[in-house]
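Report on the structure
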Amino acid sequence: MTIKFGLIGGGVMGEALLSRLIARGIYQSSEVIVSEPLSSRLDFLKQQYGVAVTTDNSQVFTEAKEVLFLAVKPQVFSAIAQELANIDILNREHSPLIISILAGVPLSQLEAAFGQLPVIRAMPNTPATVGAGVTAICSGAYTSPKHHQIAQQIFSAVGEVVEVSEGLMDAVTGLSGSGPAYVALLVEALADGGVSAGLPRAIANQLALQTVLGTAKLLHETKMHPAELKDRVTSPGGTTIAGIAKLEKAGFRSALIEAVKAATERSQELGK
Ligand SMILES: NC(=O)C1=CN([C@@H]2O[C@H](COP(=O)(O)OP(=O)(O)OC[C@H]3O[C@@H](n4cnc5c(N)ncnc54)[C@H](OP(=O)(O)O)[C@@H]3O)[C@@H](O)[C@H]2O)C=CC1
Ligand SMILES: O=C(O)[C@@H]1CCC=N1
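In this convention, every chain numbers its residues from 1, walking through the sequence in written order. Lettering for chains starts from A, numbering for ligands starts from 1, and both go in the order in which the items are written. Thresholds applied to this predicted model are a pLDDT of at least 70 for local features of residues and 80 or more for the giving and counting of side-chain atom pairs; totals over whole chains, interfaces and linings are not thresholded and use all residues. Excluded from the side-chain calculations are hydrogens and water; all other atoms, namely the structure's heavy atoms, are used.

Stated precisely, the cut-off is as follows: UniProt positions are given in the numbering used here, feature names are shortened, and annotations may be inferred rather than shown by experiment.
An unreviewed UniProt entry annotates the protein as Pyrroline-5-carboxylate reductase originating from Nostoc flagelliforme FACHB-838. Heading Function (unreviewed entry) of the UniProt record for the protein holds this comment: "Catalyzes the reduction of 1-pyrroline-5-carboxylate (PCA) to L-proline." Under the UniProt heading Sequence similarities (unreviewed entry), the note attached to the protein is "Belongs to the pyrroline-5-carboxylate reductase family."

Next up, the structure:
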């Protein structure tokens, strides 16, 4: 069977994408090859998903006919680019679309590393693991509508897809790419607050998680503005306004704004 999809880096995000692409039948196991340095990880991916595995990134690049998907840390990108630099890309019968989810690494660096191959830069997030992710994509200079369609199909398998200009990709990284960690912190802190107020830990965890999940669902389904929902919960002289007053005093909004800005700046630094 022809290898259509090559994945370099089968870590958290690589596996999230891989698992959904196979489960949704977008690629058959026999059409996928994954490279990773750790043989124990390769054994796991092979056993779990039935894909071909290797420690050789060049093999993945050479064999992938449709997509070469990069899911390594940005810090190892230049080493990988050097490793793949000697492969003759222009005389290949099938040149793959390069899709990179590396934080910060710009299209210009990716295109320079891969000659004139088509490149799409993307920023998914970890809820992709359960099909509830959101991915922003932007296309490089050598892409066609067909490449665009392939990327849309891949990321639609793990959630929603938005298109942005490349200048906004670092901001996307600071918001939705990193955002699941902020929300996880929120859930944990809410539960801690419940425990502090006397709730048993298990009940506090359940209440905190379902409150965040339910609120997100309510906002999503009704398209209600968050400020309106806040107003609806906040009774005059009641409990919620007492809690909100404390959040405002502690700089809750400003802390989140600063978090997104700091993560955006870090993404910009990673691309330098
Ligand atoms: N985690 C997230 O929420 C998100 C991450 N991203 C981006 O996705 C990328 C991957 O992140 P994530 O999945 O979290 O990271 P992980 O560390 O979980 O995955 C990266 C994988 O690449 C492997 N690897 C390291 N060096 C090489 C190499 N030379 N050749 C092949 N594979 C290699 C690592 O192996 P080993 O562990 O043995 O070093 C690891 O399994 C990053 O660029 C990140 O910016 C994008 C959106 C969200
Ligand atoms: O923390 C990081 O650098 C990556 C990119 C977005 C989420 N995780």
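Still more ground to cover, so stick around.
1. Structural notes on the site of ligand 2
Going by this rule: Distances are taken per atom, and a residue is near a molecule or strand as soon as one of its heavy atoms is within 4 Å of it. Areas reported here follow the Shrake-Rupley algorithm with a probe of radius 1.4 Å; residue values treat only the protein chains shown as occluding.
Near ligand 2 the following residues occur: Ala 103, Gly 177 and Ser 178. If ligand 2 stood free it would expose 250 Å²; the protein chains cover 45% of that surface.

2. So, the pairing of strand β8 (residues 159-163)
Quick reminder of the rule: Between any two strands, at least two bridges found by DSSP are needed for them to pair. Strands here are runs of E lasting at least two residues and helices are runs of H or I lasting at least four, both read from the DSSP assignment and numbered beginning at the N terminus. Assignment of crossover handedness uses the view with strands pointing away from the viewer, where a clockwise path from the first strand over the helix to the second indicates a right-handed crossover.
Of the pairings in the sheet, the one linking strand β7 (residues 133-139) to β8 comprises five bridges and is parallel in character. When the bridges of β8 are listed, Ile 137 appears paired with Glu 163. Handedness of the crossover joining β7 and β8 through helix α6 (residues 145-156): right-handed.

3. Notes on the site of ligand 1
As a reminder, the rule being used: For the purposes of these results, a polar contact is taken to be a pair of N or O atoms within 3.5 Å, where, inside protein, one atom must be able to donate a hydrogen and its partner to accept one; residues adjacent in sequence count only when each atom of the pair is a side-chain atom. Gly falls in the polar group here, along with every residue not listed as nonpolar (Ala, Val, Leu, Ile, Met, Phe, Trp, Tyr, Cys, Pro) or charged (Asp, Glu, Lys, Arg).
Lining the immediate environment of ligand 1, one finds 22 residues, of which Val 12, Met 13, Glu 36, Asn 57 and Val 72 sit closest. In this structure, Val 72 approaches ligand 1 through a main-chain N or O atom, which is 2.5 Å from an oxygen atom. Summarising the interface, the protein chains cover 75% of the accessible area of ligand 1, which totals 870 Å² for the free molecule. Within the shell around ligand 1, the residues separate by chemical class into 14 nonpolar, six polar and two charged.

4. Points about the domain arrangement of the protein
A common measure of how large an interface is: the accessible area buried when the components associate. To be explicit about the condition: Delimitation of the domains relies on an automatic or database domain assignment. The buried area of a pairing is the accessible area, by a 1.4 Å probe, that goes missing from both parts when the two are put together, added over both. When a carboxyl oxygen of Asp or Glu is within 4 Å of a side-chain nitrogen of Lys or Arg, the pair counts as a salt bridge.
The domains assigned to the protein are domain 1 (5-169) and domain 2 (179-270). Relative placement of domain 1 and domain 2: their C-alpha centres are 33 Å apart. Between domain 1 and domain 2 lies a buried interface of about 460 Å² when both sides are counted; carbon and sulfur atoms form 54% of it. Our enumeration of links across domain 1 and domain 2 arrives at zero salt bridges. Here domain 1 is connected to domain 2 by two residue pairs in polar contact (both at pLDDT 80 or more).

5. Remarks on the UniProt feature "domain: Pyrroline-5-carboxylate reductase dimerisation" (unreviewed entry) in the protein
Residues given the UniProt feature "domain: Pyrroline-5-carboxylate reductase dimerisation" (unreviewed entry) here are residues 166-270. Helix and strand shares over residues 166-270 are 83% and 0% respectively, and the end C-alpha atoms of the span are 15 Å apart.

6. Considering the packing of aromatic side chains
What characterises a pair of aromatic rings is the spacing of the ring centres plus the angle enclosed by the ring planes. What counts is decided by this rule: For this analysis, a ring pair means two rings from Phe, Tyr or Trp (six-membered ring only for Trp) whose centres lie within 6.5 Å, classed as stacked if their planes differ by under 30 degrees, edge-to-face if by over 60, and tilted for the remaining angles. Buried means the residue's accessible area, taken with a 1.4 Å probe over protein chains only, is under 20% of the maximum for its type, while exposed means over 50%, and partly exposed covers the values in between.
Overall, the coordinates contain four aromatic pairs when judged by the stated rule. On the numbers, 5.7 Å between centres and 35° between planes, the contact of Phe 5 with Phe 69 is tilted. Of the two residues, Phe 5 is situated in strand β1 (residues 5-8) and Phe 69 in strand β4 (residues 67-70); the sequence distance between them amounts to 64 residues. Looking at Phe 5, the relative accessible area reads 1%, which means it is buried. Ring geometry for Phe 61 versus Phe 114: centroids 5.5 Å apart, planes at 80°, classification edge-to-face. Remark: Phe 114 occurs in the loop between α5 (107-113) and β6 (119-123) and Phe 61 occurs in helix α3 (residues 57-63); sequence separation between them is 53 residues. Through pairs of rings, three or more aromatic residues link up here, namely Phe 5, Tyr 27, Phe 69 and Phe 155.

7. Focus: the pattern of salt bridges
For the structure on display, the rule yields eleven salt bridges. A salt bridge links Arg 232 to Glu 228, with the shortest nitrogen-to-oxygen separation between them at 2.9 Å. In this pair, Arg 232 and Glu 228 both sit in helix α10 (residues 226-233), four residues apart, roughly one turn of the helix. Residue class for Arg 232 comes out exposed when judged on its relative accessible area of 59%.

8. As for the packing of helix α7 (residues 169-177) against helix α12 (residues 252-270)
Two packed helices can be described by the angle between their axes and the distance between those axes. For the record, the criterion: Only C-alpha atoms enter the line fits that serve as axes; for helices the fit covers just the stretch in contact. Angles between N-to-C directions range over 0 to 180 degrees. The scheme is simple: roughly parallel for angles under 35 degrees, roughly antiparallel for over 145, roughly perpendicular for 65 to 115, oblique for anything else. The crossing is said to be left-handed when, going from far helix to near helix, the turn is anticlockwise and less than a right angle, and right-handed when the turn is clockwise. In what follows, residue pairs with any heavy atoms lying within 4.5 Å of each other are defined as contacts.
Relative to each other, α7 and α12 sit at 135°, their axes nearing to 7 Å. By the criterion of interaxial angle, the relationship of α7 to α12 is oblique. In this structure, α7 crosses over α12, and the sense of that crossing is right-handed. Here Asp 170, Ala 171, Thr 173, Gly 174 and Leu 175 of α7 lie close against α12, whose contacting residues are Val 260, Ala 263, Thr 264, Ser 267 and Gln 268. Classifying every residue of the contact of α7 with α12 by side-chain character gives four nonpolar, five polar and one charged.

9. Observations regarding the sheet that holds β8
The strand order across the open sheet formed by eight strands is β3-β2-β1-β4-β5-β6-β7-β8, and the pairing between neighbours is mixed. Since the sheet does not close on itself, it has two edges, and those belong to β3 (52-54) and β8, each with one partner. Between one strand axis and the next, the sheet turns by 20° as a mean value, whatever way the strands run. Here strand β2 (residues 32-35) pairs with β3 via three bridges, running parallel. When the bridges of β3 are listed, Ile 33 appears paired with Ala 52.

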